[in-house]
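# Residue-level structure breakdown
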Amino acid sequence: MSFTNFTVPYPIEGKYSKRVAYFSMEYAVHQPLKIYSGGLGFLSGSHLRSAYELQQNMVGIGILWKYGYYDQARNQDHTLQVTWLEKYYHFLEDTGIKFQIAIHDHLVWVKAYYLNPETFKTAPLFLLSTDLPENDHISQTITHRLYDANVATKVAQFILLGVGGAKLMDEIGFNPELYHLNEAHGVSSAFYLYKKFGNKVEEVKKRMVFTTHTPEEAGNEKHDINLCHKMSYFCGLSLDEVRKLTGIQDDLFNHSLVALRFAHLANGVSKLHGEVSRAMWGKYENICPIISITNAQNWRYWADKQLYRAAEEGNDSWWDDRKKYLKRRSFDIVADQTGKLFNPNVFTIVWARRFAGYKRAELITRDKARFEKLLSSTKYPVQIIWAGKPYPMDYPAINDFNYLVNLSKTYKNVAVLIGYELAISKRLKQAADIWLNNPRVPREASGTSGMTAAMNGAINFSTSDGWIPEFIDQGHNGFVVPKADYAKMNVQEQDQYDLDKIYELLEHDILPMYYERYDTWRQIAKNGMRDVRFQFDSGRMANEYYELLYK
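This report concerns the structure included in the present document.

## With respect to the packing of aromatic side chains
Summed over all chains, the structure comprises 44 aromatic pairs. Geometrically, the ring pair formed by Tyr69 and Tyr70 is tilted, given 5.0 Å between the ring centres and 50 degrees between the ring planes. Considering the side-chain rings of Tyr546 and Tyr550, the 4.8 Å spacing of their centres and the 80 degrees angle between planes classify their relative orientation as edge-to-face. What makes Tyr550 buried here is its relative accessible area of 1%. Joined through ring pairs, the aromatic side chains of Phe347, Tyr380, Phe479, Tyr514, Tyr515, Tyr518 and Trp521 make up one cluster. When the ring centre of Trp302 is taken as reference, the NZ or CZ atom of Lys429 above it lies at 4.5 Å.

## Some remarks on the side chain of Asn298
Tracing the backbone shows Asn298 in the loop between strand S13 (290-292) and helix H11 (299-302). In this structure Asn298 comes out as buried when scored by relative accessible area, which is 1%. Looking at Asn298, its side chain comes within polar contact range of the side chain of Ser50, at 3.1 Å. For Asn298, the contacting residues outside a window of four places in its chain are Ser46, Arg49, Ser50, Glu53, Met455, Asp537 and Ser538.

## Some remarks on the sheet that holds strand S7 (residues 125-129)
The strand order S5-S6-S7-S2-S1-S8-S9-S12-S13 describes an open sheet built from 9 strands, whose pairing is mixed. Each edge of the open sheet is held by one strand with a lone partner, namely strand S5 (93-102) and S13. Taking each pair of neighbouring strands and ignoring which way they run, the sheet shows an average axis angle of 25 degrees. As paired strands, strand S1 (residues 20-23) and strand S8 (residues 178-182) are joined by 4 bridges and run parallel to one another. Within S8, the position partnered with Phe23 by the bridge is Leu181. This element, helix H21 (residues 538-549), spans S1, strand S2 (58-63), S8, strand S9 (208-211), strand S12 (265-268) and S13 of the sheet and lies at about 145 degrees to S12.

## Some details on the pairing of strand S6 (residues 107-115)
By the bridge criterion, 7 bridges tie S5 to S6 in an arrangement that is antiparallel. The residue of S6 that forms the bridge with Ala102 is Leu107. Hairpin connection of S5 to S6: 4 residues between the antiparallel strands, including His104 at a positive phi of 60 degrees. For S6 and S7, the ladder comprises 5 bridges, and the chain directions are antiparallel. Looking at S7, one finds that Ala112 is bridged to Leu128.

## Examining unusual backbone geometry
The peptide bond linking Val441 to Pro442 adopts the cis configuration, its omega dihedral lying at 0 degrees. For Pro442, the position within the fold is in the loop between strand S17 (434-437) and helix H17 (449-454). A positive phi angle is found at Asn286, which is not glycine, with a value near 60 degrees. Relative to the assigned elements, Asn286 resides in the loop between helix H10 (271-281) and S13. With a phi angle near 55 degrees, Arg360 is a residue other than glycine that sits in the positive phi range. Counting through the fold element by element, Arg360 comes out in the loop between strand S14 (347-352) and helix H14 (368-376). Using a relative accessible area of 0% as the deciding quantity, one classes Arg360 as buried.

## A closer look at the sheet that holds S17
Ordered by their spatial adjacency, 6 strands build an open sheet running S16-S15-S14-S17-S18-S19, and the pairing between neighbours is parallel. Of all strands in the sheet, those with a lone pairing partner are strand S16 (414-417) and strand S19 (478-480), marking the two edges. Put simply, the sheet's adjacent strands are angled 20 degrees from each other on average, direction ignored. The sheet contact formed by strand S15 (residues 382-387) and S16 spans 4 bridges and is parallel. Considered in S16, the bridge of Ile385 is made with Ala415.

## What to know about the state of the cysteines
Overall, the coordinates contain 0 disulfides when judged by the stated rule. Unpaired in terms of disulfides, Cys228 finds its nearest cysteine sulfur in Cys235, a separation of 12 Å.

## Regarding the pattern of salt bridges
Following the criterion strictly, the structure yields 35 salt bridges and no others. Residue Arg370 is joined to Glu507 by a salt bridge in which the shortest nitrogen-to-oxygen separation is 3.2 Å. Taken together, the positions of Arg370 in helix H14 and Glu507 in helix H19 (residues 491-516) put the pair 137 residues apart, joining distant regions of the chain. Arg370 sits in the partly exposed class, given a relative accessible area of 22%. Notably, a salt bridge pairs Arg530 with Asp531, separated by 2.9 Å at the nearest N-O pair. It is possible to trace a salt-bridge network through shared partners that takes in Arg360, Glu362, Arg366, Arg440, Asp495 and Asp498.

## Notes on H19
End to end, H19 covers 36 Å across 26 residues, agreeing with the expected 38 Å (1.5 Å per residue, within 8%). The sharpest bend along H19 comes to roughly 45 degrees, located at Leu506. The residue sitting at the N-terminus of H19 and contributing the capping side-chain oxygen is Asn490; that oxygen lies 3.1 Å from the backbone nitrogen of Gln492.

## Things to note about helix H8 (residues 239-246)
The set of residues buried in H8 consists of Leu239, Val242, Arg243 and Thr246. Projected down its long axis, H8 shows its buried positions confined to an angular sector of 100 degrees, all on one face. Summarising the geometry of H8, the exposed residues directed more than 90 degrees from the buried face are Asp240 and Lys244. On its buried side, H8 packs onto helix H5 (189-196), helix H7 (225-230), strand S11 (252-254) and helix H9 (255-262).

## A short note on the packing of H19 against helix H20 (residues 518-535)
Where H19 meets H20, the axes come as close as 5 Å, and the angle between the chain directions of the two elements is 110 degrees. Overall, the two elements H19 and H20 adopt an arrangement that is roughly perpendicular. Between H19, through Ile510, Met513, Tyr514 and Glu516, and H20, the contact on the second element is made entirely by Tyr518, Thr520, Trp521 and Ile524. Here the residues of the contact of H19 with H20 are counted per class, giving 6 nonpolar, 1 polar and 1 charged.

About the thresholds
Just so you know, the residues in each chain are numbered from 1, in the order the chain's sequence is written. This being a predicted model, a pLDDT of at least 70 is required before a residue's local features are given, and a value of 80 or more before pairs of side-chain atoms are given or counted; all residues contribute to the totals for chains, interfaces and linings. Just so you know, side-chain values use all the structure's heavy atoms and leave hydrogens and water out. Pairs were defined over the aromatic rings of Phe, Tyr and Trp, the Trp ring being its six-membered one, requiring ring centres within 6.5 Å. Orientation was assigned from the angle between planes: stacked under 30 degrees, edge-to-face over 60, tilted for the rest. Under the scheme applied here, a residue whose accessible area is under 20% of the maximum for its type counts as buried, over 50% as exposed, and between as partly exposed, the area being computed with a 1.4 Å probe on protein chains only. Lysine and arginine charges are scored as sitting over a ring when NZ or CZ, respectively, is within 6 Å of the ring centre and within 35 degrees of the ring normal. Helix numbers and strand numbers start at the N terminus; a helix is a DSSP run of H or I with at least 4 residues, a strand a run of E with at least 2. A 3.5 Å cut-off defines polar contacts: any pair of N or O atoms within that distance qualifies, except that in protein one atom must be a possible hydrogen donor and the other a possible acceptor, and neighbouring residues in sequence count only when both atoms are side-chain atoms. Throughout, a residue-residue contact means that at least one pair of heavy atoms, one from each residue, lies within 4.5 Å. We call two strands paired when DSSP finds no fewer than two bridges between them. The angle between two axes is taken between their N-to-C directions and runs from 0 to 180 degrees, where each axis is a line fitted to C-alpha atoms and a helix contributes only its stretch in contact. The criterion for a disulfide is a pair of cysteine sulfur atoms lying within 2.5 Å. Salt bridges are defined by distance alone: a side-chain nitrogen of Lys or Arg within 4 Å of a carboxyl oxygen of Asp or Glu. Helices are assigned an expected span. That span is 1.5 Å times one less than the residue count. Each residue is assigned a bend, namely the angle between axes fitted to the seven residues that terminate at it and the seven residues that start at it. What the arc covers is the set of directions going from the helix axis to the C-beta atoms. These descriptions rest on fixed angle ranges, namely under 35 degrees for roughly parallel, over 145 for roughly antiparallel, 65 to 115 for roughly perpendicular, and the rest for oblique. Gly is placed with the polar residues, together with every amino acid not listed as nonpolar (Ala, Val, Leu, Ile, Met, Phe, Trp, Tyr, Cys and Pro) or charged (Asp, Glu, Lys and Arg).

Structure representation (structure tokens):
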């Protein structure tokens, strides 16, 4: 196909006719395309799927990571081993487009690949690579690893996404009316556009919107402004010009803050996160308004349709049979990886997502006596599965993972799995009776794993953070830890409070209901399935982006 004067190759629905270029470092579109690490990718993948379903005039821009995020393997003792395998994608099309951008005062060749909308039913997705024979080795490594640990490489990746993505739009003649930055990684595009539109900042502002995903200032990426300058991040502007444009006076270039100053409108990713973001950024001058558009996931991709049909027909025995079948099938993976045979009739808790300190993977293990009692109960037997990929250089998170691996060795009803990517993610949501989510409030901007768990007949059990306050109606469609006055607690007090409440709800409400009042249990699961489809299918989100952010 031709990539000159590119247009989206499906009929566009009238109300979604505005041309939008969507920039994201990662996309979790489908299991074979391993260019994502976690939640940000799951979100952008669902967004592209819903853009396709709604026939929106949007293209995605990302990076073709030669080694992906990393491949999660095991050492001989089953602890985590980080490996990097080269990836091959025969389903991507070579656009034939090659162009150069400046990185570190050096011209680097960029090649564009294309994911056709019909391949995985997404909006068109362009993926950039510098892994070309025309480039020197250092330039080739820019697109080797997602979120490379080397700071200069990471800055180069940000330049590739922003400047390279914006330049690609000119190369193909798409002429976006809006540039949507999903997280601030691509904010270098603002400097490219500033130069393109004759150094008129208002021309950039009217075309730029921004989605922020981080609820705390420390989590927003900052880099030495002199390093950024040396890396050609600012498209040839002097540091004085950059300071005047961005309002940054110290030596730390705050990507999110600059995005909030270049965009005319931004959004947080849940109602709570919108409030947290407005409070957090409110002390800075010249930032754009921040609204809320709550994250969502693509129902058509994630949901088990048979469970939904059984629920719609009121056929409880079919629903029960299907859920047990899904559990049994998922437990084959547990048996294959760990040699443990889980029972589909036993209450199953799953904690699975990226391992990060604030997500507190091992929280329920901290009370040894209660944990032991939970796992040895014959009245209310329990099985627990953990899975997730820590960032490969996040040693405390890797330590948590390995702690759980070693702990699991003494129990036949505890398993820790590797390879938590889209395929296993779906299987574990089908395995779960309870989807446990216990981040430290208010550090989870949204969280989306519980949405897709509910689409597969699992009940959410969570601390009250991110999207959860908009969803859970206690005891009706899920279970939530009652919110304390966390702001007045230190970390240890908060962790202890949440731990106690989790066990109280498990011991007094959740387990007795599952084993003694299963009809009520099933109804809560079905209520969750219905409510999540109504509120948290990404069709609602993709529509809101056009109505609220792209207006």
